[in-house]
Amino acid sequence: KFQALGAAMIHDPRQLLFALDHDIQNKTEANLSRYVAIEQFAKEHDVDFYPAGRGIGHQVMVEELYAEPGSLCMASDSHSNMYGGVGCLGTPMVRTDAASVW
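Residues numbered from 1 in each chain as written. Predicted model: local features only at pLDDT ≥ 70, side-chain atom pairs only at ≥ 80, totals over all residues. Heavy atoms only, no water.

Regarding the packing of aromatic side chains
Now for step 1: Within this structure, the stated rule accounts for 2 aromatic pairs.
Now for step 2: Geometrically, the ring pair formed by Phe18 and Phe41 is stacked, given 6.1 Å between the ring centres and 20 degrees between the ring planes. Taken together, the residues Phe18 in strand β1 (residues 17-19) and Phe41 in helix α1 (residues 29-44) connect sequence positions 23 residues apart.
Now for step 3: A relative accessible area of 14% means that Phe41 is categorised as buried.
Now for step 4: The interplanar angle of 90 degrees and the centroid separation of 6.2 Å between the aromatic rings of Tyr50 and Tyr66 together place this pair among those described as edge-to-face. (Phe/Tyr/Trp six-rings, centres within 6.5 Å; stacked < 30°, edge-to-face > 60°. Helix = DSSP H or I, 4+ residues; strand = E, 2+ residues; numbered from the N terminus. Buried < 20%, exposed > 50% of the residue type's maximum accessible area, 1.4 Å probe, protein only.)

Considerations on α1
Now for step 1: The end-to-end C-alpha distance of α1, which contains 16 residues, comes to 22 Å, matching closely the 22 Å that a straight helix rising 1.5 Å per residue would cover.
Now for step 2: Every buried residue of α1 is accounted for by Asn31, Tyr35, Phe41 and Ala42. Along α1, the residues classed as buried sweep out an arc of 125 degrees about the axis, all on the same side. The exposed residues of α1 that point more than 90 degrees off its buried face are Glu29, Lys43 and Glu44.
Now for step 3: Where α1 is buried, its residues touch β1 and β2 (48-50).
Now for step 4: Two residues or fewer past α1, Asp46 is found with a positive phi of approximately 60 degrees. (Expected span 1.5 Å × (residues − 1). Arc of directions from axis to C-beta. Contact = heavy atoms within 4.5 Å.)

Side note on unusual backbone geometry
Now for step 1: One non-glycine residue with positive phi stands out, namely Asp46, at about 60 degrees.
Now for step 2: Structurally, Asp46 can be placed in the loop between α1 and β2.
Now for step 3: One non-glycine residue with positive phi stands out, namely Leu65, at about 65 degrees.
Now for step 4: Note that Leu65 resides in the loop between α2 (57-63) and β3 (72-75).

Let's talk about the confidence of the model for the protein
Now for step 1: On average, residues of the protein score 90 in pLDDT, and 99% of them are at 70 or above.
Now for step 2: Averaged pLDDT values for the elements of the protein fall to 77 in helix α3 (residues 95-101) and rise to 97 in β2. (pLDDT = per-residue confidence, 0-100.)

Put into structure tokens, the structure is as follows:
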């Protein structure tokens, strides 16, 4: 979505993290190619990246202290409200909107 919008750089890559946590059992070439593209994009833009198998994204957010008391976290996951359990305001955001914000 980011590239389709004509964007060239991420304003602040420290505000983002990519965690591959959906469809990780899918070992088809097409899916693995998507994962490689996401990882390469993260490296090119200096975005923190967690590969498939590391954990579910909203779990990683808490374990790695991205979601902490008094902070705001937006994620492309409907479970983002669970960040409230650690005193963080969490809200979901669809990928297209997220791509245009950063």
